[in-house]
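Residue-level structure breakdown
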Amino acid sequence: MDQAQHLRNIVKAQELNYIQQARVITVTSGKGGVGKSNLAVNLGVWFRQLGKRVIIFDADFGLANVEVLFGRVPKYNLSDVIYGDMKIADIVSEGPMGIGFVSGGSGIVSLNNLDELQVRHLIRSLSELNALCDVLIIDTGAGVSDTVLEFAVASPEVLLVTTPEPTSITDSYSLVKAMHKSPKYDPKMTKIRMVANKVNSLEEGKNLYQKLNSVVGRFLQGQMEYLGMVPSDRALEQAVIHQQIVSIASPSARSSKAFEQIAKTILGEDTTTNNRWGLTDFFRNFINKS
Ligand SMILES: Nc1ncnc2c1ncn2[C@@H]1O[C@H](COP(=O)(O)OP(=O)(O)OP(=O)(O)O)[C@@H](O)[C@H]1O
Ligand SMILES: [Mg+2]
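1. Re the site of ligand 1
- In the vicinity of ligand 1 there are 19 residues, among which Lys 36, Ser 37, Asn 38, Asn 197 and Asp 233 approach most closely.
- A distance of 2.9 Å separates an oxygen atom of ligand 1 from a polar atom in the side chain of Asn 65.
- In this structure, a nitrogen atom belonging to ligand 1 sits 2.9 Å away from a side-chain N or O atom of Asn 197.
- Look at ligand 1: alone it shows 640 Å² of surface, and the protein chains cover 80% of it.
- Under a 2 Å grid-point criterion requiring more than half of the atoms, the pocket assigned to ligand 1 is the largest pocket.
- Residue composition of the shell around ligand 1, grouped by class: 6 nonpolar, 8 polar and 5 charged.

Spelled out as structure tokens, the structure:
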């Protein structure tokens, strides 16, 4: 039995212990600073409001996105699970409203750097998140790095944050292209949905989607879906400056309402297909593909 098969069997065995699979949503973008972390934490807030248990995994290794937005310093990070003897439950820090978050830490660059025992331990640990949350939101770094691609192609649901800036559009396209070129990408398994951020109207958001999606269709024979838009909002900027989350500090702000709408759209979907695509599947993909 090869190593990958061995690992798959371990994941399979774990799966039997869990009836309900947590939903995995990966937030990513080509360009940096376009609003990924804000989308991740604000969706987290509204999922909580809607009664879901949420954990946000900060997969921007080495950079502290989520903890800075939450204004909380985690004691531990994923390195303590891989290299230390901590359990995953011990490293889930508590953010506002009981949102859990896991800091990736700076010690891990890619799964490929870990040996078999470490990967087994990590997968077993991460699978334990199933018991702790209903939705796992993964906040990735920007760009088309190996790590970002690994997360994107293994994930059942990818939210691609794009702003009207030309560089954001071209960088989003580059990321979607890299996903399509990856032998690990399967369009039937991974749904890519665009979120238009920092736009000024519903129409601008839709146009941005149509523009990008038509290029994806023409040059990659691919297809993205449109999830919605978040307006450019000073209340969000102010919240970030004060290390607050806009959806908590100003729930009726324009951006907060937009995040609420997107969260409701996501949770209102028929999840029969998503159930197939829970957290264990996500990590199985990760193994299959690393
Ligand atoms: N809808 C919005 N309205 C106004 N400003 C916004 C909006 N979304 C994001 N911003 C601004 O962009 C900044 C960067 O947002 P955020 O940290 O969420 O981006 P990111 O994509 O996670 O960045 P990085 O690539 O560095 O991780 C915020 O601090 C905020 O000032
Ligand atoms: Mg970020």
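2. Remarks on the sheet that holds strand 5 (residues 135-140)
- The strand order across the open sheet formed by 8 strands is 3-4-2-5-1-6-7-8, and the pairing between neighbours is mixed. Where the open sheet ends on each side, the last strands, each with one partner, are strand 3 (93-94) and strand 8 (225-231).
- Sheet analysis places strand 6 (residues 157-162) next to strand 7 (residues 191-199), joined by 6 bridges and oriented parallel. Bridge assignment links Thr 162 to a residue of strand 7, and that residue is Ala 196.
- Each of strand 6, strand 7 and strand 8 touches helix 9 (residues 202-220); the most contacted strand, strand 7, lies at about 135° to it.

Parameters and conventions
- Residues numbered from 1 in each chain as written.
- Chains lettered and ligands numbered in written order.
- Predicted model: local features only at pLDDT ≥ 70, side-chain atom pairs only at ≥ 80, totals over all residues.
- Heavy atoms only, no water.
- Near = heavy atom within 4 Å.
- Polar contact = N/O pair within 3.5 Å; in protein donor to acceptor, adjacent residues only side chain to side chain.
- Areas by Shrake-Rupley, 256 points an atom, 1.4 Å probe, with all protein chains shown as cover.
- 1 Å grid on protein atoms, 1.4 Å probe; cavity = no way out; pocket = protein on both sides within 12 Å on 5 of 7 lines; lining within 4 Å.
- Sits in = over half its atoms within 2 Å of the grid points.
- Nonpolar A, V, L, I, M, F, W, Y, C, P; charged D, E, K, R; others polar.
- Pairing = 2+ DSSP bridges.
- Helix = DSSP H or I, 4+ residues; strand = E, 2+ residues; numbered from the N terminus.
- Contact = heavy atoms within 4.5 Å.
- Axes fitted to C-alpha atoms, helices over the stretch in contact; angles between N-to-C directions.

Shape is all these values report; function is a separate question.
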